[in-house]
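# Structural overview
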Amino acid sequence: MTTKEERMSFLEEMEGVRRIRQPNRADVKKPRDLTPGHLERQRAAMAKPVVDRNPLTADDVDPLTSHDVLNWQRPGIQHGVFRKLRLGQYPIEARLDLHRMTVEEARREVFRFIQDCVRYGVRSALITHGKGERNVDGVAWLKSYLAKWLPELDDVLAFHSAQKHHGGTGAAYVMVRKGERQKQENRDRNSGR
């Protein structure tokens, strides 16, 4: 309990003090003016060009028709290995369908697909590009670009048009380079010999 004298002493000390009439809430409104840091980030974002890590070119290509056969292999690929690829004797471990894609969409998807094949250890894949038979000019554009793109990717060892039951000249078998994990597994497996 406080005495009367203590209360009077307290009131004398507090004489002239006024209650603050603001609500008991934090001010969380965003400032309307831009800070120097914000302006600098905007400037940097505008000045920095977007880097396209996709090496596939979208330049002019030699036009191919629906009946043209795709056929390419890197130097050093054994004849028997390429023959098995050409005949569709390797199991298809992954598939990519480019139907109804624009050239730019197909460019991005092919690049991403081959990267994923290497990452997940896929060695044999099938890319369906279509024959382009419905094109007025008779050119199979996606097929033409695919024939240009695949040799540009270091991870592609060989490709060939597919057998009829896998799409024929509207699809291609693709042989992909081994990933680092697969190479190491081979080294470990064969080091005991």
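Further up the page is the structure itself.
Description of the structure in this document. (Residues numbered from 1 in each chain as written. Predicted model: local features only at pLDDT ≥ 70, side-chain atom pairs only at ≥ 80, totals over all residues. Heavy atoms only, no water.)

Now for the packing of aromatic side chains. Counted under the stated rule, the structure contains two aromatic pairs. Relative to Phe 159, the ring of Trp 72 has its centre 5.6 Å away and its plane inclined at 25 degrees; by these criteria the two rings are stacked. With Trp 72 in strand 1 (residues 71–73) and Phe 159 in strand 4 (residues 156–161), the pair connects residues that are 87 residues apart, well separated along the chain. Relative accessible area serves as the criterion here: at 2%, Phe 159 is assigned to the buried category. Look at Tyr 145 and Trp 149: their rings are 5.5 Å apart centre to centre, the planes differ by 35 degrees, and that puts the pair in the tilted class. Taken together, the residues span about one helical turn, with Tyr 145 and Trp 149 both in helix 5 (residues 141–152) at a distance of four residues. Like Tyr 145, the residue Trp 149 is buried in the burial classification. (Phe/Tyr/Trp six-rings, centres within 6.5 Å; stacked < 30°, edge-to-face > 60°. Helix = DSSP H or I, 4+ residues; strand = E, 2+ residues; numbered from the N terminus. Buried < 20%, exposed > 50% of the residue type's maximum accessible area, 1.4 Å probe, protein only.)

Turning our eyes to something else, we now look at the nonpolar core. Counting 28 residues, the largest nonpolar core has Leu 98, Val 110, Phe 113, Ile 114, Ile 127, Leu 150 and Val 174 as the members making the most contacts within it. Looking at this core, the elements with two or more residues in it are strand 2 (94–97), helix 4 (103–119), strand 3 (124–128), helix 5, strand 4 and strand 5 (171–176). The dominant element in this core, judged by the number of residues it contributes, is helix 4, at seven residues. If near-sequence neighbours (up to four positions away) are discounted, Ile 127 is found in contact with Leu 96, Leu 98, Phe 113, Leu 146, Leu 150, Ala 171, Ala 172 and Val 174. Counting ten residues, the second-largest nonpolar core is a separate cluster that includes Leu 126, Leu 157, Ala 171 and Tyr 173. (Core = buried A, V, L, I, M, F, W, Y, C linked by side-chain atoms within 4.5 Å. Contact = heavy atoms within 4.5 Å.)

For the rest of this paragraph, the subject is the layout of surface pockets. The computed volume of the largest pocket comes to approximately 360 Å³. Lining the largest pocket are 14 residues, with His 99, Gly 130, Lys 131, Gly 132 and Arg 134 sitting closest to its centre. When its residues are assigned to classes, the lining of the largest pocket shows four nonpolar, five polar and five charged. (1 Å grid on protein atoms, 1.4 Å probe; cavity = no way out; pocket = protein on both sides within 12 Å on 5 of 7 lines; lining within 4 Å. Points joined across faces, edges and corners; volume = space filled by probe spheres on them. Nonpolar A, V, L, I, M, F, W, Y, C, P; charged D, E, K, R; others polar.)

Let us now look at the sheet that holds strand 4. Spatially, the five strands line up as an open sheet ordered 1-4-5-3-2, and their pairing is mixed. Both edges of this open sheet fall to strand 1 and strand 2, since each of them pairs with a single strand only. Strand-to-strand, the axes of this sheet are offset by a mean angle of 20 degrees, without reference to chain direction. Across five bridges, strand 4 lies against strand 5 in antiparallel orientation. Counterpart to Ala 158 in the pairing with strand 5 is Met 175. Helix 3 (residues 79–86) contacts strand 1, strand 4 and strand 5 of the sheet and is inclined by roughly 45 degrees relative to strand 4. Along the sheet, helix 4 contacts strand 2, strand 3, strand 4 and strand 5; its crossing angle with strand 2, the most-contacted strand, is approximately 175 degrees. (Pairing = 2+ DSSP bridges. Axes fitted to C-alpha atoms, helices over the stretch in contact; angles between N-to-C directions.)

As a further point, take the environment of His 129. Here His 129 lies in the loop between strand 3 and helix 5. Remark: the alpha-carbon pair of His 129 and Met 175, spanning 46 residues in sequence, is separated by 16 Å. Sequence-distant contacts of His 129, that is, excluding residues within four places in its chain, are made with Leu 70, Leu 98, Leu 142, Lys 143, Leu 146, Thr 169, Gly 170, Ala 171 and Ala 172. From its side chain, His 129 meets the backbone nitrogen of Ala 171 in a polar contact 3.4 Å long. (Polar contact = N/O pair within 3.5 Å; in protein donor to acceptor, adjacent residues only side chain to side chain.)

Moving on to the packing of helix 4 against helix 5. Where helix 4 meets helix 5, the axes come as close as 11 Å, and the angle between the chain directions of the two elements is 40 degrees. In terms of orientation, helix 4 and helix 5 fall into the oblique class. Between helix 4 and helix 5 lies a crossing whose hand is right-handed. Each of Val 103, Ala 106, Arg 107, Val 110 and Ile 114 in helix 4 lies in contact with helix 5, whose residues at this interface are Leu 142, Tyr 145, Leu 146, Trp 149 and Leu 150. For the contact of helix 4 with helix 5, the residue count by class is nine nonpolar, no polar and one charged. (Parallel < 35°, antiparallel > 145°, perpendicular 65-115°, else oblique. Left-handed = near helix turned anticlockwise from the far one by under 90°.)

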